[in-house]
Amino acid sequence: MSERFRQLSPSEFFYRNKEIAGFSNPARAVYQAVRELMENAFDATEMHGILPHITVQLKEDSEGRVFLAVEDNGIGISSLEVPNVFGRVFYGSKYVLRQSRGVFGLGVKMAVLYAQMTTGQPVKVRTATRRSKFIYEFEVMISIEKNIPVIKSIKVSKNNSGWHGTRVELVLRGNWSQAKKRVEEYVRRTALIAPYATIIFEAPDLSLKFERTMSKLPPSPVVGKPHPKGVDVEMLKMMIESTKKSTTLLEFLVGNFDGVGAATATKFCEWAGFDPNAKIKNLKNDEIELLASKMQEFSGWRRPKANMLSPLGEELLVEGVKAVLNPEFVTAVSRPPSSYSGYPFIVEVALAYGGAITSAEAPTLLRFANKIPLLYDEGVDVSTKVVRDKIDWRIYKVEFPAPLAIVTHVCSTKVPFKGVGKEAVADVPELESELEAGVRECARRLRLYLSRLEKQLEVKRWETTIRKYIDDVARSTSYVTGIDENLLRSKLYDLVRSKVARGGNR
Ligand code: ADP
Ligand code: MG
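Bear in mind that the values here come from a model prediction, so they are computed numbers and not experimental data. (Residues numbered from 1 in each chain as written. Chains lettered and ligands numbered in written order. Predicted model: local features only at pLDDT ≥ 70, side-chain atom pairs only at ≥ 80, totals over all residues. Heavy atoms only, no water.)

## Description of the domain arrangement of the chain
Condition: Residue ranges for the domains originate in an automatic or database domain assignment.
Each domain of the chain was delimited in the assignment, giving domain 1 (10–210), domain 2 (228–297), domain 3 (314–446) and domain 4 (450–501). Taking only C-alpha atoms, the centre of domain 1 and the centre of domain 4 are 67 Å apart.

See the structure below:
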């Protein structure tokens, strides 16, 4: 018999392979659904200059059905977009060069698919955009074979209170009691990396409330242009396609790429042997191929701009770590922008020591990428390699077991994730060396702090020893010299006090 062929729709692909998007078992599915909805809520708020206020409610019935509702005060979703946003795999607004938590246009659809597969229930959405006169309520399902949304119901009501934001409700089969620990960890870490957010989380046996401790948001990321180092032939062709006929190569380069001015473009053309005045639409395939490889090779481009990124900054990072980890010592480093393959990135590192941090045989590692806490696949993440394998902590006066926590935050327009579940970052060399530089800088500051502590301890010990002898010395000196014993004693105490104040230097 001959084989029968047909095409698989994107929905059906993920319906069959839900594990690759993190929905591998009932516990993980709850965690992943919470994550996808919370991440969308954050993108809809902080990326647009709104201080996030996010509530998550989770309930469970005796049959193992989990009711999840996430509400945000974000920009809302236009009623025209709601069906596709929730019912079409690979549909979204984040396919641009700008740092965001979401990237694939997949997350919420995975949660909707999973709910649909396990309980047959549609997703319920309530939303209003800013200044919208109406509030829209939708029930949407996905036609899996066709990858199109099916609208089950629509309701429109007056928006009298001026509310804006989105509330998403899902019913899925899941295992809350098994997911609880991870979800709690996820929410705590989200609060750590977003001290400007208020997060209210209510679930059976778990009620968390993080009030914002700061009202300062990280800079909103700007949509940027691609960097010339990151091009390939196909990308150039697509760009040339949408260019006017009269455009010259020089104009094309200046107009379409990040940080390319006329001077740089001229220098490049000279170096690569291209005529800057050639009409871009006239380039043949082999010329485009050469252009792409020369653009990748040229070393004279400026670094990618960092305004597409939204790093936390040292102040917010320290604040977040203090509020959630409650350590005795904390320091943070926000590294200068760098790039790999034409993508800008910034690495941030915080180090926390002592206080409420529990001692362990290795540093506790808290990884983040574009403000997403990464909880799974720690073993294969580049941060683990740097923090656990590359750094000899004894150089920094840390003897394990030690109460040491390291926070790493990679932000980029393209974080090199190892899978669509977004749990581990690959060891791109440029990234790895930035991470190492950040961790070492924090570690040096810790060493300084620990040296100071050591010194103080030494002085304390010296003081205790000396004080033990003061009475004897005062008595015998008074006996020999006839000077008043009390006077001698108080003089000696003064002496010790002033030495302690000077740090014990004799
Ligand atoms: P991604 O987040 O990767 O883009 P999703 O499937 O999670 O993919 O979401 C698709 C799109 O729906 C997003 O790009 C965003 O434009 C929109 N969206 C989803 N949730 C919200 C929300 N809570 N508020 C506003 N817009 C949202
Ligand atoms: Mg998303």
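## Considering the packing of helix α6 (residues 233–241) against helix α9 (residues 285–297)
Applicable threshold: Helix axes use the C-alpha atoms of the stretch in contact, all axes being lines fitted to C-alpha atoms, and the angles between their N-to-C directions lie in the range 0 to 180 degrees. Here a helix means four or more residues in a row that DSSP labels H or I, a strand means two or more in a row labelled E, and each is numbered from the N terminus. Roughly parallel refers to an angle under 35 degrees, roughly antiparallel to one over 145, roughly perpendicular to one between 65 and 115, and oblique to any angle outside these ranges. Helix crossings fall into two classes, left-handed where the near helix is turned counterclockwise from the far one by less than a right angle and right-handed where it is turned clockwise. Should any heavy atoms of two residues lie within 4.5 Å, those residues are counted as being in contact.
For the pair α6 and α9, the least separation of the axes is 9 Å and the interaxial angle reads 115°. As far as their axial angle goes, α9 and α6 are roughly perpendicular. When the axes of α6 and α9 are compared, the crossing they make is right-handed. Contacts between α6 and α9 pair V233, L236, K237 and I240 from the former with N285, I288, E289, L291, A292 and M295 from the latter.

## Looking at the pattern of salt bridges
As a reminder, the rule being used: Salt bridge, as used here, is a side-chain nitrogen of Lys or Arg placed within 4 Å of a carboxyl oxygen of Asp or Glu. Any residue under 20% of the maximum accessible area for its type is buried, any over 50% is exposed, and the rest in between are partly exposed; the area is computed with a 1.4 Å probe on protein chains only.
The full count for this structure, using the stated rule, is 35 salt bridges. For E12, the salt bridge goes to R16, with nearest N and O atoms at 3.3 Å. In this pair, E12 and R16 both sit in helix α1 (residues 10–16), four residues apart, roughly one turn of the helix. Relative accessible area serves as the criterion here: at 8%, E12 is assigned to the buried category. On the basis of relative accessible area, R16 is assigned to the partly exposed category, the value being 48%. A salt bridge links D392 to R394; the nearest nitrogen and oxygen atoms lie 3.2 Å apart. Judged by relative accessible area, D392 falls into the partly exposed class, the value being 31%. By sharing partners, the salt bridges in this structure join K385, K390, D427, E432, E436 and R440 into a single network.

## Some points on the sheet that holds strand β2 (residues 65–72)
Our working rule: Only when DSSP finds a minimum of two bridges between them are two strands counted as paired.
Taken together, the eight strands give an open sheet; going across it, the order is β5-β4-β3-β6-β2-β1-β7-β8, and neighbouring strands pair in mixed fashion. Each having just a single partner strand, β5 (148–158) and β8 (206–210) make up the two edges of the open sheet. Sheet twist, expressed as the mean angle between neighbouring strand axes with direction ignored, is 10°. Summarising the sheet, strand β3 (residues 123–128) and strand β6 (residues 165–173) pair through five bridges and their orientation is antiparallel. Its bridge partner being in β6, V125 is matched across the sheet by V168.

## Brief notes about the layout of surface pockets
The following threshold applies: Every definition here rests on a 1 Å grid over the protein atoms only: cavities are sets of points where a 1.4 Å probe fits but cannot get out, pockets are open sets enclosed by protein on both sides within 12 Å along at least five of seven lines, and lining residues have some atom within 4 Å of a point. Grid points are joined across faces, edges and corners, and a volume is the space filled by probe spheres set on the points. Basically, the charged four are Asp, Glu, Lys and Arg, the nonpolar ten are Ala, Val, Leu, Ile, Met, Phe, Trp, Tyr, Cys and Pro, and anything else, Gly included, counts as polar.
By volume, the largest pocket is sized at about 790 Å³. Lining of the largest pocket is provided by 39 residues; of these, N40, I77, V85, S93 and K94 occupy positions nearest its centre. At the level of elements, α2 (26–45), β2, α3 (82–87), α4 (107–119) and β6 are the ones that each hand at least two residues to the lining of the largest pocket. Counting residues per element, the lining of the largest pocket draws most heavily on α2, at seven residues. Here the residues of the lining of the largest pocket are counted per class, giving 19 nonpolar, 10 polar and 10 charged. Residues of the lining of the second largest pocket, tallied by class, amount to 12 nonpolar, six polar and six charged. Per-domain counts for the lining of the second largest pocket show at least three residues from each of domain 1 (10–210) and domain 3 (314–446).

## A closer look at the environment of A29
Relative to the helices and strands, A29 resides in helix α2. Under the relative-accessibility criterion, A29 is labelled buried at 0%. It is 14 Å that separates the C-alpha atoms of A29 and K422, two residues lying 393 residues apart in sequence. Beyond its immediate chain neighbours, meaning those up to four positions away, A29 contacts F23, Y114 and L172.

## Describing the environment of A278
Assignment of secondary structure puts A278 in the loop between α8 (262–272) and α9. Between the C-alpha atom of A278 and that of L250, which follows or precedes it by 28 residues, the distance is 8.2 Å.

## Here's the deal with the site of ligand 1
Applicable threshold: Any residue with a non-hydrogen atom lying within 4 Å of a molecule or strand is treated as near it. Residues adjacent in sequence count toward polar contacts only when both atoms are side-chain atoms; beyond that, a polar contact is any pair of N or O atoms within 3.5 Å, and within protein one must be able to donate a hydrogen and the other to accept it. Every accessible area reported is derived by Shrake-Rupley at a probe size of 1.4 Å, with residue values counting cover from the shown protein chains alone.
Lining the immediate environment of ligand 1, one finds 19 residues, of which N40, S93, K94, G105 and K109 sit closest. A distance of 2.9 Å separates a nitrogen atom of ligand 1 from a polar atom in the side chain of D72. Within the backbone of F104, a nitrogen or oxygen atom sits 3.3 Å from an oxygen atom of ligand 1. Protein chains bury 93% of the 530 Å² of accessible surface belonging to ligand 1 in isolation. Every element with two or more residues in the shell around ligand 1 is listed here: α2 and α4. A class-by-class count of the residues in the shell around ligand 1 yields eight nonpolar, eight polar and three charged.

## Focus on empty space enclosed by the protein
Enumeration according to the criterion identifies one cavity of 30 Å³ or more in this entry. Reported here for the largest cavity is a volume of approximately 90 Å³. If you go around the largest cavity, you meet 14 residues; those closest to its centre are E46, M47, Q99, S310 and K371. Residues of the lining of the largest cavity, tallied by class, amount to five nonpolar, five polar and four charged.

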